[in-house]
Structures are given as structure tokens and as C-alpha cells.
Amino acid sequence: MNKEIFAIFGNPVSHSKSPLMHNLAFKGLGHDACYTRYLLTDGSQLKEKFLSLGLKGMNITVPHKEEAFKACDELDAFAQKIGVVNTIVEREGKLYGYNTDALGFLKAIAEFKNIKTVLFLGAGGTAQATSTLLRDEGYEVTLLNRSKERLEKYKANGFETFTFETFKPKTYDLVINMTSAGLEDENLPAPIEILDCVIPKAKACVDVIYGKETPFLKLAKSYHKPTKDGSDMLLYQGIIAFEHFTEYKYSFDEIKGFMQRAFVL
Ligand code: NDP
């Protein structure tokens, strides 16, 4: 059998930890495969490139997750519902699509107990998948976003939504930064007056940004709140993707044992 080849497609893609994570797991588990990265500028060429490179599977990152959805022949029920795909596996010439970001996030917040109400700061692509899954799992999800436009589709889907101007503070068990504020700048995801109102009443605060302590997490820590960054979300979405890539040959914990080494190297 030929060596299986996997890749992450995105733009930019040079910063991605996925090749390191997956290659550590392939090597550690003795699975004959390798994982590389591919800078894809034109998302409409996703399927053609995937097939011409002879790949067995791929992950898809910004900004091609909607194009990846369109490229699939078969979708699992959750990917079908949200219209966003970050994992594709080829089986007998057909492309099967999944979303593992939201499942990874759900697993990452499982350590916080007695959480019922959740405030999302941000309403972009990552919030779209995760808010839907959290609501399906029984959480009450409210979205607060800087611009009004992005909230329209959430409102149409029955979510409670606010802009900074219309926000009426309540108590939220979990406050999550789902924006890119703090990623390459020192911005907070919402005005300090709002954060000073919701963070003290929260049981915990989570940031999806990883690899740095954002101003949001610093603020949450100043209120002595339990916090976590986006590293576990990244790790868990990778493990779930790996399970699809290898057709569930290995257990979650076996994969985790090798993949998590990417975070200490
Ligand atoms: P999008 O571009 O789809 O959405 C960005 C969101 O951030 C919008 O709601 C936007 O609001 C808001 N925003 C941006 N800058 C600011 C600011 N200065 N103040 C307030 N709001 C702001 O991004 P994604 O959903 O794809 O990604 C969001 C974050 O999630 C990123 O930081 C990304 O790195 C992280 N991420 C982490 C993953 C992980 O595995 N840990 C996986 C995927 C993403 P507006 O509508 O007003 O523009």
C-alpha cells in the first residue's frame, strides 16, 4: 500500500501546528502516513488540488472552510447543519466532510462544571459552529459582537444577540473570547465597562486564541477566575480529525499521548 498523505490547506498556512501534531501521532503510533501543508489562494480549486495531489485526507483552515463544505460528496449530520467543514477524508473516490472544531471546543470546556449560560464575545466563523453545537448540547448561548451585520444570521436562528450598544448585562456562567482581538494586538474583545460587568459574575473564562496570554485572559485572571486558552481546542479538534483519518484505529487517549507533544516542543 502507498504511504497515505494528508495536508492542511489554508491562507496563510505557514503558522499551522497541524503538520507537527499529526506527524508526531503518525510516527508515535507507527501509522505509515505523513502530513504536510499547502498554501491555497483560490478556494474554488480545493477539490481539484486535493485530488491531483493524491491526498487521503485534509484539514482546512481560514478562509476555505465554506468552500470545503461545498467540495464534499458526503457530510456528517453536524457539518451538514452548520455548512462549515474543517476535515475531509477520501474513501473510494468520494470526499467525506466533518467539522471537528466545535467538538474539540466542547471537549475543551468540559472541565468547567455547572455551566448553563454562555456568553460568546464574537460572531465569526468559529462562533458559528461552536454556538450551534453548544446550544444542541443544552447550553443557553448569547452572542455579543462589535458589528451588527454578523449577528443577523444568529438572530434568524433564534439566538439572543447584542451589539456593544444594545447589551443588557446578565449573569453568564462562562464568558468566551471568540474574536481575533488579542491575537496580533493588545485589544480587548469588548469595551472594558462590559467586561468588568460580566467577568466578575462568571464561573470561568475561555479564550480560543492560543500560544499567548491575551488581554482578555489577563483581565479574567485579575478577577481570580479559572481560565484556559485555545490550546486544548486545537489539540482536540486535531485528535478527532486523526480518528477520521485513521478510521478509528486508535483510541483518543493513544492519539493524545503523541499529539500533545506538539505543545511542549
Ligand atoms: P472571523 O474573522 O470569522 O471573525 C472574527 C470575529 O472577531 C468577528 O466577530 C469580529 O467582529 C471580531 N473582532 C475582530 N477584531 C475585533 C476587535 N478588535 N474587537 C472586537 N471584536 C473583534 O474569525 P474566526 O471566527 O475564524 O476566528 C476567531 C478566533 O478564533 C481567532 O482568534 C482564531 O485564531 C481563533 N481560532 C482558534 C482555534 C483553536 O483551535 N484554538 C480554531 C479556530 C479559530 P466584527 O463582526 O465586528 O468584525
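- An unreviewed UniProt entry lists the chain under the name shikimate dehydrogenase (NADP(+)), with hydrothermal vent metagenome as the source organism.

### Section: the overall build of the chain
Part 1: The helix and strand tally for the chain stands at 11 helices and 12 strands.
Part 2: Relative to the globule expectation of 18 Å for 265 residues, the C-alpha radius of gyration of the chain, 19 Å, shows essentially globular dimensions.
Part 3: Summarising its shape, the C-alpha atoms of the chain cover approximately 60 × 35 × 35 Å along the three principal directions.
Part 4: A buried classification covers 53% of the 265 residues belonging to the chain.
Part 5: Accessible surface, the chain: about 12,400 Å² in total, of which carbon and sulfur atoms supply 50%.

### Digging into the side chain of Thr142
Part 1: Following the sequence through the fold, Thr142 ends up in strand β8 (residues 140-145).
Part 2: Relative accessible area serves as the criterion here: at 5%, Thr142 is assigned to the buried category.
Part 3: Within polar-contact distance, the side chain of Thr142 engages the side chain of Glu160 at 3.2 Å.
Part 4: If near-sequence neighbours (up to four positions away) are discounted, Thr142 is found in contact with Val118, Leu119, Phe120, Glu160, Phe162 and Tyr172.

### Notes on the sheet that holds strand β11 (residues 204-207)
Part 1: Taken together, six strands build an open sheet; the order of strands is β9-β8-β7-β10-β11-β12 and the sheet is parallel. At either margin of the open sheet sits one strand with a lone partner, and together these are β9 (160-163) and β12 (227-228).
Part 2: Two strands pair when backbone bridges link them, and strand β7 (residues 117-121) and strand β10 (residues 174-177) are joined in this way by four bridges, in the parallel orientation. Paired with Leu121 across the strands is Asn177, a residue of β10.

### Here's the deal with the packing of aromatic side chains
Given two aromatic rings, their pairing is described by the distance between the two centres and the angle made by the two planes.
Part 1: Under the definition given, this model contains 10 aromatic pairs.
Part 2: Ring plane angle 90° and centroid distance 5.3 Å describe the contact between Phe162 and Phe167, whose orientation is recorded as edge-to-face.
Part 3: Taking relative accessible area as the criterion, Phe162 reaches 8% and is therefore assigned buried.
Part 4: When its relative accessible area of 10% is taken as the criterion, Phe167 is described as buried.
Part 5: A centroid spacing of 6.3 Å and a plane angle of 50° characterise the contact between Phe242 and Tyr250, whose relative ring orientation is tilted. No difference in accessibility class separates Phe242 from Tyr250, as the two residues are buried.
Part 6: Ring pairs connect the aromatic residues Phe6, Phe26, Tyr35, Phe242, Phe245 and Tyr250, which therefore count as one cluster.
Part 7: Over the ring of Phe263 we find Lys17; its NZ or CZ atom is 5.3 Å from the centre of that ring.
Part 8: Above the ring of Phe252, the side-chain terminus of Lys107 is found at 4.6 Å from the ring centroid.

### What about the domain arrangement of the chain?
Part 1: For the chain, the assigned domains are domain 1 (4-102 + 231-263) and domain 2 (113-225).
Part 2: A separation of 27 Å is found between the C-alpha centroids of domain 1 and domain 2.
Part 3: Contacts between domain 1 and domain 2 engage 10 residues on the former and 10 residues on the latter.
Part 4: Regarding the contact of domain 1 and domain 2, the summed buried area is about 920 Å², with carbon and sulfur atoms giving 68% of it.
Part 5: Summed over the three residues of domain 1 that lose the most area to domain 2, namely Ile82, Ala102 and Met233, the buried surface amounts to 40% of that side.
Part 6: Inspection of the domain 1/domain 2 interface yields one salt bridge.
Part 7: Between Lys81 and Asp136 there is a salt bridge, and its shortest N-O distance comes to 2.9 Å.
Part 8: Here domain 1 and domain 2 share two residue pairs in polar contact (both at pLDDT 80 or more) between them.
Part 9: Elements supplying a minimum of two residues to the side of domain 1 that touches domain 2: α4 (77-82) and α10 (231-245).
Part 10: For the side of domain 1 that touches domain 2, the per-class residue count stands at six nonpolar, two polar and two charged.

### Here's the deal with the site of the ligand
Part 1: Among the 23 residues in the neighbourhood of the ligand, the closest are listed as Gly125, Thr126, Asn145, Ser147 and Arg150.
Part 2: Taking Ser147, its side chain carries an N or O atom lying 2.8 Å from an oxygen atom of the ligand.
Part 3: Contact between the ligand and Ser180: an oxygen atom at 3.4 Å from a main-chain N or O atom of the residue.
Part 4: Here the ligand has 940 Å² of accessible area as a free molecule, and 81% of this is covered by the chains.
Part 5: For the shell around the ligand, the elements supplying multiple residues, two or more each, are α6 (125-136) and α10.
Part 6: Of the residues that constitute the shell around the ligand, the class distribution is 11 nonpolar, 10 polar and two charged.

Definitions and cut-offs
- Residues numbered from 1 in each chain as written.
- Predicted model: local features only at pLDDT ≥ 70, side-chain atom pairs only at ≥ 80, totals over all residues.
- Heavy atoms only, no water.
- Helix = DSSP H or I, 4+ residues; strand = E, 2+ residues; numbered from the N terminus.
- Rg over C-alpha atoms; globule rule 2.2 N^0.38 Å.
- Buried < 20%, exposed > 50% of the residue type's maximum accessible area, 1.4 Å probe, protein only.
- Areas by Shrake-Rupley, 256 points an atom, 1.4 Å probe, with all protein chains shown as cover.
- Polar contact = N/O pair within 3.5 Å; in protein donor to acceptor, adjacent residues only side chain to side chain.
- Contact = heavy atoms within 4.5 Å.
- Pairing = 2+ DSSP bridges.
- Phe/Tyr/Trp six-rings, centres within 6.5 Å; stacked < 30°, edge-to-face > 60°.
- Lys NZ or Arg CZ within 6 Å of the ring centre and 35° of its normal.
- Domains from an automatic or database assignment.
- Buried area = accessible area lost by both parts, 1.4 Å probe.
- Salt bridge = Lys/Arg side-chain N within 4 Å of Asp/Glu carboxyl O.
- Nonpolar A, V, L, I, M, F, W, Y, C, P; charged D, E, K, R; others polar.
- Near = heavy atom within 4 Å.

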